[in-house]
Number of protein chains: 2
Amino acid sequence: MNEHTYSWHPQPTSLLTDHYELTMLQAALRAGTASRRSVFEVFARRLPHSRRYGVFAGVGRLLEGLEQFRFTDEQLRFLRDTNVVDAATVAYLENFRFTGQIRGYAEGETYFPHSPLLSVESSFAEACVLETFILSVLNYDSAVASAASRMVGAAGGRPCIEMGSRRAHEQAAVAAARAAVVAGFDSTSNLEAGFRYGVKTVGTAAHSFTLLHDTEEQAFRAQLDALGVSTALLVDTYDVERAVRLAVEIAGPDLGGVRLDSGDLVTQASSVRALLDTLGNQHTKITVTSDLDEYAIAALRAAPVDAYGVGTRLVTGSGAPTSSMVYKLVSREGASGTMEPVAKASSGKASVGGEKYALRRRNPQGVATHEMVGVSHLPEDDGDDRPLLVDYVTGGELREGFTGPEAVVRARTRHAESIAELPRAARRLSEGEPVIPTVIEPGTAH
Amino acid sequence: MNEHTYSWHPQPTSLLTDHYELTMLQAALRAGTASRRSVFEVFARRLPHSRRYGVFAGVGRLLEGLEQFRFTDEQLRFLRDTNVVDAATVAYLENFRFTGQIRGYAEGETYFPHSPLLSVESSFAEACVLETFILSVLNYDSAVASAASRMVGAAGGRPCIEMGSRRAHEQAAVAAARAAVVAGFDSTSNLEAGFRYGVKTVGTAAHSFTLLHDTEEQAFRAQLDALGVSTALLVDTYDVERAVRLAVEIAGPDLGGVRLDSGDLVTQASSVRALLDTLGNQHTKITVTSDLDEYAIAALRAAPVDAYGVGTRLVTGSGAPTSSMVYKLVSREGASGTMEPVAKASSGKASVGGEKYALRRRNPQGVATHEMVGVSHLPEDDGDDRPLLVDYVTGGELREGFTGPEAVVRARTRHAESIAELPRAARRLSEGEPVIPTVIEPGTAH
């Protein structure tokens, strides 16, 4: 991690929301129900693709965005001009500031169906308008982190490098780089992620650099001259074997690495390794970067590969480009002034009313056995359990340490520890059930 | 479209790039090759999922971002502190401004494998550092527009509403809303898209609004009171039939609409339509919004549905969350000072060197028959053909009319016209070949 921090100016997040959040606000303000104390919860009914676990990510970005959730004059003018809402609602939004509580799982934590990942407690008005932004951040970042964690597992200790920026929306790419590092990636190619979050960035050269020069030799010499002998040379622009021989001839035994970006990587890695060794370059590393995902990485386990560069499949969640997290009102003040659990009964989408609390049950050996979720109470710790909820925002005040570069370091550690305590079956890539069951007490998941 | 425009402050886009773009720059500056005149081209080797056509989108956003491609002092400090590049490269970037040419397909245009979608001509240095940003924008926006266009086709004239913000990164959501409208969607729920691009935003209420109130009746009354009788009431929180009867009882025959967000939509839509008609609400519309994609929309063709709200599957590209567009150096100045075509020979990723020009061949009836791509020349117009290339940036100067709300209106029109001229088979949802073949003259696609 880079020890410096840099100031950048995030945009207001207040219009990164659905139109209906503001029309609901208008209707609730008029009906006198906007001030009702409400608890919304974020959870997922299922894991994507029958995976064994999910990874909760994006909290740091969410909290950074919450600080920017203010309506500018220009935005208020837009709401007025276009009649999205009435004058009373615009007046309410002029002074909007979140004053409630946010509590949730630690960023980087593994999760399961019905884990109560985040709860927002405030007036209905305040919690309602945050819905879309909160879900956007968590659904994308968690999708990438969940895919990334499986890739890191498949890599079995070899470093993974995030290189997918060009395959995602340009701002999503920054979030993807951050989420990948949270889930154990070594570094990223995305410079903005380095700038904002202090994560390590890496990169050397693309095919265009070779093509720019009159010969491959000129290109290699130019790169070595500028970046030093520890750089990695891309050897598949024309002919791999010729390029490897040329690279060694020019750079000598201290050449840092070569990169393969095409072809059958298993075969190529083996023949390039053999050739490098024959030429005396036992320490020159091999990075592979072509269309990798967790399955391709696993297939390369026996190949002499030193690092994996992962792009498209990472930033698109390896088949699950979004998480299925929802944000549901589970409890609110009724006409009598007391809090009451609420739940919809919609076909196939029913939810469990009441606030949830959770802990991870562990056996005496420290291995996770159950996700314990209590409705309106914290399940009893049987001695080896681990609490899961962190207070992030209290009375509108953000607790320190959960944003910026610091949050990434913390989340990465949390993720490593959380994975380490799951049963070994968590690392299986095949489809299957969540690696530990969720127990909801009392009541049942639908 | 909203006739007002609003100022917003986009962030600098200059670090939304891969580390290696800047290390290549450093090496080329040092080797004296950074100033070589270069032409990079954006194209896709294939369409995703054996689709019949793709939709080119994001140009307006790309050009807006190009204006912000300047390095701030804080960003330069980051590059220095972290040794991403050397002092000479930082000095070059201090004054970075794109001064070259950008030419490409019109936004909204349909495209096929090897269509030369965008070309960037400038020094190697200038074109190289733009690569990642350009691909991020085009790959995401085109993925969404390509999915959206199929949904619009499946809807057969019924309006489609974009509602996927919560299932995409919060900024990607804005781009998705914009791309959906380019491809023919009627409107979006995303307010920031309305603010930035003038697209129509819509929305009424969610289940949480019903749950906030002590009874469904109170919720419906509150919504009608605030939003008027033309609003759409969400009728599946508890019991659909009861809710429809209640809605009609309270709102009367002028109730604008009801929304169904769960269950078997074909059956539900029919029974709700029958019930509404029986109760005298022939003009109350039915909007459906649960997990729709182009196939689900097609399956609802015979159902009495008035509008489709599409979320997850739209913003994730309906199975193709990114396009496979690449940005390749195809021609550059050699040591002799003349432009020379270049191409890599990598296994499975070979490209065709030389600048490409394109037109859409049409038969005398105006139906598209071929995508004609000429290497180093424009294919000859046989009398009914249509030119495809637009000059966007000349000598670093952006031509007017291709950014902001204006660009969206223009692209939407272009898309509608482009689709109308394709053979009818373009609308088939089944997997298949591109609806028209690409002819590359001379030379062949690899």
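Presented here is a report on the structure given in the accompanying data block. (Residues numbered from 1 in each chain as written. Chains lettered and ligands numbered in written order. Predicted model: local features only at pLDDT ≥ 70, side-chain atom pairs only at ≥ 80, totals over all residues. Heavy atoms only, no water.)

Quick look at the pattern of salt bridges
Evaluated as defined, the whole model comprises 66 salt bridges over all chains. Here Lys200(B) makes a salt bridge to Asp186(B), at a shortest N to O gap of 3.3 Å. Taken together, the residues span a long stretch of sequence, with Lys200(B) in the loop between α7 (191–197) and α8 (207–212) and Asp186(B) in the loop between α6 (170–182) and β7 (187–188) at a distance of 14 residues. Among the residues examined, Lys200(B) registers a relative accessible area of 41% and is labelled partly exposed. Between Asp306(B) and Arg273(B) there is a salt bridge, with its nearest N and O atoms 3.8 Å apart. With a gap of 33 residues between them, Asp306(B) in the loop between α12 (294–299) and β11 (307–310) and Arg273(B) in helix α11 (residues 265–278) connect regions that are remote in the sequence. Under the relative-accessibility criterion, Asp306(B) is labelled partly exposed at 25%. The structure contains a network of salt bridges with shared partners spanning Glu109(A), Arg360(A), Arg362(A), Glu371(A), Arg386(A), Arg414(A), Glu417(A) and Glu421(A). (Salt bridge = Lys/Arg side-chain N within 4 Å of Asp/Glu carboxyl O. Helix = DSSP H or I, 4+ residues; strand = E, 2+ residues; numbered from the N terminus. Buried < 20%, exposed > 50% of the residue type's maximum accessible area, 1.4 Å probe, protein only.)

Digging into the sheet that holds strand β10 (residues 285–288) of chain A
Residues and elements named next belong to chain A. Taken in spatial order, the six strands of this open sheet run β7-β6-β11-β10-β9-β8, and their pairing is parallel. The open sheet has two edge strands with one neighbour each: β7 (187–188) and β8 (232–234). Here four bridges tie strand β9 (residues 257–260) to β10, and the two strands are oriented parallel to one another. Among the inter-strand pairings, Leu260 is bridged to a residue of β10, identified as Val288. (Pairing = 2+ DSSP bridges.)

Things to note about unusual backbone geometry
Residue and element names in this part refer to chain A. A cis amide bond links Glu441 to the next residue, Pro442, at an omega of -20°. In this structure, Pro442 sits in the segment after β19 (438–441). Even without glycine at this site, Asn83 takes up a positive phi of about 55°.

Focus: the sheet that holds strand β12 (residues 325–333) of chain B
Residue and element names in this part refer to chain B. Spatial ordering of the open sheet is given by β13-β12-β1-β5-β3-β17-β18, a layout of seven strands whose pairing is antiparallel. Two strands close off the open sheet at either side, each with one partner strand: β13 (339–341) and β18 (397–398). In terms of strand pairing, strand β3 (residues 101–105) meets strand β17 (residues 389–394) through four bridges, oriented antiparallel. Within β17, the position partnered with Tyr105 by the bridge is Leu389.

Thoughts on the environment of Ser336(A)
Residue and element names in this part refer to chain A. Within the secondary structure, Ser336 is located in the loop between β12 (325–333) and β13 (339–341). Residue class for Ser336 comes out exposed when judged on its relative accessible area of 58%. Taking C-alpha positions, Ser336 is 34 Å from Val59, a pair spaced 277 residues apart along the chain. Here Thr338 takes part through its side chain, which lies 3.0 Å from a polar atom of the side chain of Ser336. (Polar contact = N/O pair within 3.5 Å; in protein donor to acceptor, adjacent residues only side chain to side chain.)

Concerning the packing of aromatic side chains
A full pass over the atoms with the stated rule returns 24 aromatic pairs over all chains. Judged by centre distance (6.5 Å) and plane angle (80°), the rings of Phe56(A) and Tyr105(A) are edge-to-face. Note that Phe56(A) is positioned in the loop between β2 (54–55) and α2 (59–67) and Tyr105(A) in strand β3 (residues 101–105), a separation of 49 residues in sequence. The exposure class of Phe56(A) is buried, given its relative accessible area of 0%. Among the residues examined, Tyr105(A) registers a relative accessible area of 0% and is labelled buried. Judged by centre distance (6.3 Å) and plane angle (65°), the ring pair of Tyr92(B) and Phe96(B) falls under edge-to-face. On the accessibility criterion, Tyr92(B) (25% relative accessible area) is partly exposed. Overall, Phe96(B) belongs to the buried group, its relative accessible area being 4%. Every member of this aromatic cluster is reached through a ring pair, and the members are Phe69(A), Phe71(A), Tyr92(A), Phe96(A) and Phe133(A). (Phe/Tyr/Trp six-rings, centres within 6.5 Å; stacked < 30°, edge-to-face > 60°.)

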